[in-house]
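So the chains spell out like this:
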Amino acid sequence: GPTLLFVKTSQGKEDGRRFYACSACRDRKDCNFFQWEDEKVSDTRLAARAEYNRNHQPSFTHRQNVDRYKNFVLLPLSKRRFCQECQQLLLPAEWEKHSDHRFLCDITTAQLKSPSQLLYPLENKKTNAQYLFADRSCQFLLNLLINLGFRRVLSVGTPRLHEMIQSKASQEEEFSVRSLLLDIDFRYSQFYTEDEFCHYNMFNHHFFGGEAARETCRKFLYEENGEKVIMVTDPPFGGLVEALGSSFKKLMAMWRETEEEGHDNKEMPMFWIFPYFFESRILDFFPNFSMMDYQVDYDNHALYKHGKTGRRQSPVRIFTNLTPSMIVLPEEEGYRFCTICQRYVSSGNQHCEICNSCTSKDGRRWKHCDLCKKCVKPSWSHCNNCNCCTVQKHSCEKTDVGCYVCGKAGHKRSACPSLS
Ligand code: SAH
Ligand code: ZN
Ligand code: ZN
Ligand code: ZN
Ligand code: ZN
């Protein structure tokens, strides 16, 4: 899909020529596309690019994968194999070609219904950064949106939530929630039809399946029979908030346009799952959003697990345009309702009389600084040099701009300790 136009900045000012680069891959090893904004590209180079793209298509189309799946489920258990190296369901005629690959045998229907368990998470790749919800968090999200009355979920980069909905829908008669997965991970096309999965890039709002896929999404967003839609997204944390935000606005516009009356001035309800230190960037883009205290836990992220054992707590939160008081957080996991703030907060999050709000972002009790006129992390103290509260160990250097992610000086976003 389309590239993004980037500009290098230093000291808050544009610095140098602007250039186009891949929207999805933050690592140049994954995609080395580079073009100056004002560069003239020769026909030979354009042809070479087209040739490269042709040679780098997936081995099967989504359509072909759907047909393969139909054949696969007809096979007896003993003939159902999954190649772990190619991350592909194999039909018997293909065994030969994969004979020296590692593969799994006897793939059950249950396994086919949980592709996120069968596929390995693409976690070390900066591009995909696949961190799967812990079962508890996934269950919590699903119950929450069901209790809020939603019957359709646009799952953008949330394969595990999608999978939970799909498998409940196929098992429980009275379960009436539906989900459409939009994700860049094309491996999922082996398990879902074109009505259940669209190959999609959330950094440039690109549907790889073209107009047909776009139409699938549009149809899904159309609230037939009063079935309310919510979008749930959990993007890679290294992603540019501006790029994500503008794609999400396009999805919101798609939703708005499905209704003749244009949904009045309403906005498509949304959960954007992202670390708390991105709060100000998200609010820049969506000023009506609020951040919930709920800590989202992950399976394959040891540091981010909800710990009884004193492990680090997850920094990942839910940002939403729904009224905060409607988002009920589980008391048994240590959340309570603050009647003044009219929202659920972490039990450690004390209401500050001066700020008149429950100010903690990380669940620990924060302390108020009279000089900064706001609450700060418990470990911070006020530095008269810097004229603000900060960590004890810091060098009092004056820099105009800091890291894109956390705002602190001394490192770039790629090296931000918050993201590591
Ligand atoms: N917690 C979620 C997974 C989040 S990981 C769950 O358990 O369901 C981030 C997801 O975003 C992955 O599924 C990844 O494939 C997808 N993703 C990464 N980059 C993307 C892009 N550019 N466009 C769309 N999806 C992307
Ligand atoms: Zn193989
Ligand atoms: Zn409060
Ligand atoms: Zn305060
Ligand atoms: Zn201070």
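Predicted model, so just to flag it, every value in this text is computed and none were measured.

## Let's talk about the overall build of the protein
Phase 1 of the analysis: When helices and strands are counted, the protein shows nine helices and 24 strands.
Phase 2 of the analysis: By residue count, 45% of the 420 residues in the protein fall in the buried class.
Phase 3 of the analysis: For the protein, restricting intrachain contacts to residue pairs at least 6 apart in sequence, the fraction spanning at least 24 positions comes to 55%.
Phase 4 of the analysis: A total of about 22300 Å² of accessible surface is found on the protein, and carbon and sulfur atoms cover 49% of it.

## A closer look at the coordination of the zinc ion (ligand 3)
Phase 1 of the analysis: The zinc ion (ligand 3) binds to the protein through Cys 338 (SG), Cys 341 (SG), His 351 (ND1) and Cys 358 (SG); the donor distances cover 2.0 to 2.3 Å.
Phase 2 of the analysis: For the zinc ion (ligand 3), the four donor atoms are set out with angles of 106 to 115 degrees between them, so the coordination reads as tetrahedral.
Phase 3 of the analysis: Going along the chain, you hit the donors of the zinc ion (ligand 3) in the pattern C-x2-C-x9-H-x6-C.

## Comments concerning the coordination of the zinc ion (ligand 5)
Phase 1 of the analysis: Summarising the metal site, the zinc ion (ligand 5) is bound by the protein donors Cys 369 (SG), Cys 372 (SG), His 382 (ND1) and Cys 389 (SG), whose distances to it range over 2.0 to 2.3 Å.
Phase 2 of the analysis: Here the zinc ion (ligand 5) is ringed by four donor atoms whose angles at the metal span 104 to 117 degrees, and the overall shape comes out tetrahedral.
Phase 3 of the analysis: Sequence spacing of the donors to the zinc ion (ligand 5): C-x2-C-x9-H-x6-C. Pair noted here: Cys 372 is in the loop between β21 (367-369) and β22 (374-376) and Cys 389 is in strand β24 (residues 388-390), with a separation of 17 residues, a long-range link.

## Focus on the pattern of salt bridges
Phase 1 of the analysis: Scanning the entire structure with this criterion turns up 21 salt bridges.
Phase 2 of the analysis: Here Arg 136 makes a salt bridge to Asp 297, at a shortest N to O gap of 3.1 Å. Of this pair, Arg 136 sits in helix α5 (residues 135-147) while Asp 297 sits in the loop between β15 (290-291) and β16 (316-320), placing them 161 residues apart in sequence.
Phase 3 of the analysis: Look at Arg 136 and you get partly exposed, because its relative accessible area is 37%.
Phase 4 of the analysis: Two residues, Glu 211 and Arg 214, come together in a salt bridge whose shortest N-O distance is 3.9 Å.

## Observations concerning the sheet that holds strand β7 (residues 88-90)
Phase 1 of the analysis: Taken together, the three strands give an open sheet; going across it, the order is β7-β6-β8, and neighbouring strands pair in antiparallel fashion. The sheet terminates laterally at β7 and β8 (103-104), the two strands that pair on one side only.
Phase 2 of the analysis: Examined bridge by bridge, strand β6 (residues 81-83) and β7 share three bridges and lie antiparallel to one another. Bridge pairing links Phe 82 to Leu 89 in β7.
Phase 3 of the analysis: Packing of helix α2 (residues 62-74) onto the sheet brings it into contact with β6 and β7, and relative to β7 it is tilted by some 50 degrees.

## Digging into the site of ligand 1
Phase 1 of the analysis: Near ligand 1, the surroundings consist of 23 residues, among which Tyr 131, Phe 133, Arg 160, Asp 183 and Asp 234 are the closest.
Phase 2 of the analysis: Contacts to ligand 1 include Asp 234, whose side-chain N or O atom sits 2.7 Å from a nitrogen atom.
Phase 3 of the analysis: For ligand 1, whose free accessible area comes to 580 Å², the fraction covered by protein is 99%.
Phase 4 of the analysis: Counting residues per element, the ones that place at least two in the shell around ligand 1 are α6 (159-171) and β11 (197-201).
Phase 5 of the analysis: Residue contributions to the shell around ligand 1 peak at three residues, all from α6.
Phase 6 of the analysis: Here the shell around ligand 1 is composed, by residue class, of 13 nonpolar, six polar and four charged.

## Considerations on the packing of aromatic side chains
Phase 1 of the analysis: What the rule picks out here adds up to 20 aromatic pairs.
Phase 2 of the analysis: Here Phe 237 and Tyr 298 contribute two aromatic rings whose centre-to-centre distance is 6.4 Å and whose plane-to-plane angle is 80 degrees, an arrangement assigned as edge-to-face. Here the residue Phe 237 occupies a position in the loop between β13 (228-233) and α8 (241-257), and Tyr 298 occupies one in the loop between β15 and β16, the gap between them amounting to 61 residues.
Phase 3 of the analysis: With a centroid separation of 4.7 Å and an interplanar angle of 45 degrees, the aromatic rings of Phe 274 and Phe 278 are classed as tilted. No difference in accessibility class separates Phe 274 from Phe 278, as the two residues are buried.
Phase 4 of the analysis: Pairwise contacts between aromatic rings join Phe 133, Phe 237, Phe 248, Trp 272, Phe 274, Tyr 276, Phe 277, Phe 278, Phe 285, Phe 286, Phe 289 and Tyr 298 into one cluster.
Phase 5 of the analysis: Sitting over the face of the ring of Trp 36, Arg 17 holds its NZ or CZ atom 4.2 Å from the ring centroid.
Phase 6 of the analysis: Taking the ring centre of Phe 60 as reference, the NZ or CZ of Arg 68 above it sits at 4.0 Å.

## Concerning the environment of Tyr 298
Phase 1 of the analysis: The buried category is assigned to Tyr 298, whose relative accessible area is 0%.
Phase 2 of the analysis: Along the backbone, Tyr 298 and Phe 133 are 165 residues apart, and their C-alpha atoms lie at a distance of 4.3 Å.
Phase 3 of the analysis: A polar contact is formed between the side chain of Tyr 298 and the side chain of Asp 234, at a distance of 2.9 Å.

## Points about the sheet that holds strand β5 (residues 34-36)
Two orientations exist for strands paired in a sheet by backbone hydrogen bonds: parallel and antiparallel.
Phase 1 of the analysis: Sheet architecture is open: three strands sit in the order β1-β4-β5, paired in antiparallel fashion. Each edge of the open sheet is held by one strand with a lone partner, namely β1 (4-6) and β5. In this sheet, neighbouring strand axes are inclined to one another by 30 degrees on average, regardless of whether the strands run parallel or antiparallel.
Phase 2 of the analysis: Looking at chain direction, strand β4 (residues 19-21) and β5 are connected through three bridges and run antiparallel. Its bridge partner being in β5, Ala 21 is matched across the sheet by Phe 34.

## Overview of the pairing of strand β17 (residues 335-338)
Phase 1 of the analysis: The sheet contact formed by β17 and strand β18 (residues 343-346) spans four bridges and is antiparallel. Bridge pairing in β18 places Phe 337 opposite Tyr 344.
Phase 2 of the analysis: Counted between consecutive antiparallel strands, the loop separating β17 from β18 contains four residues, among which Gln 342 sits at a positive phi close to 60 degrees.

## Things to note about the nonpolar core
Phase 1 of the analysis: Leu 154, Leu 182, Phe 248, Leu 251, Phe 271 and Trp 272 are the most contacted members of the largest nonpolar core, which has 72 residues in total.
Phase 2 of the analysis: The biggest single contributor to this core is α8, with eight residues.
Phase 3 of the analysis: The next biggest cluster of nonpolar side chains, apart from the first, holds 15 residues, and it includes Leu 75, Phe 82, Leu 91 and Leu 119.

Procedures and definitions
Residues numbered from 1 in each chain as written. Chains lettered and ligands numbered in written order. Predicted model: local features only at pLDDT ≥ 70, side-chain atom pairs only at ≥ 80, totals over all residues. Heavy atoms only, no water. Helix = DSSP H or I, 4+ residues; strand = E, 2+ residues; numbered from the N terminus. Buried < 20%, exposed > 50% of the residue type's maximum accessible area, 1.4 Å probe, protein only. Contact = heavy atoms within 4.5 Å. Areas by Shrake-Rupley, 256 points an atom, 1.4 Å probe, with all protein chains shown as cover. Donors = N, O, S within 2.8 Å, 3.2 Å for Na, K, Ca; no water. Tetrahedral: all angles 85-135°; square planar, octahedral: opposite > 155°, others 65-115°. Salt bridge = Lys/Arg side-chain N within 4 Å of Asp/Glu carboxyl O. Pairing = 2+ DSSP bridges. Axes fitted to C-alpha atoms, helices over the stretch in contact; angles between N-to-C directions. Near = heavy atom within 4 Å. Polar contact = N/O pair within 3.5 Å; in protein donor to acceptor, adjacent residues only side chain to side chain. Nonpolar A, V, L, I, M, F, W, Y, C, P; charged D, E, K, R; others polar. Phe/Tyr/Trp six-rings, centres within 6.5 Å; stacked < 30°, edge-to-face > 60°. Lys NZ or Arg CZ within 6 Å of the ring centre and 35° of its normal. Core = buried A, V, L, I, M, F, W, Y, C linked by side-chain atoms within 4.5 Å.

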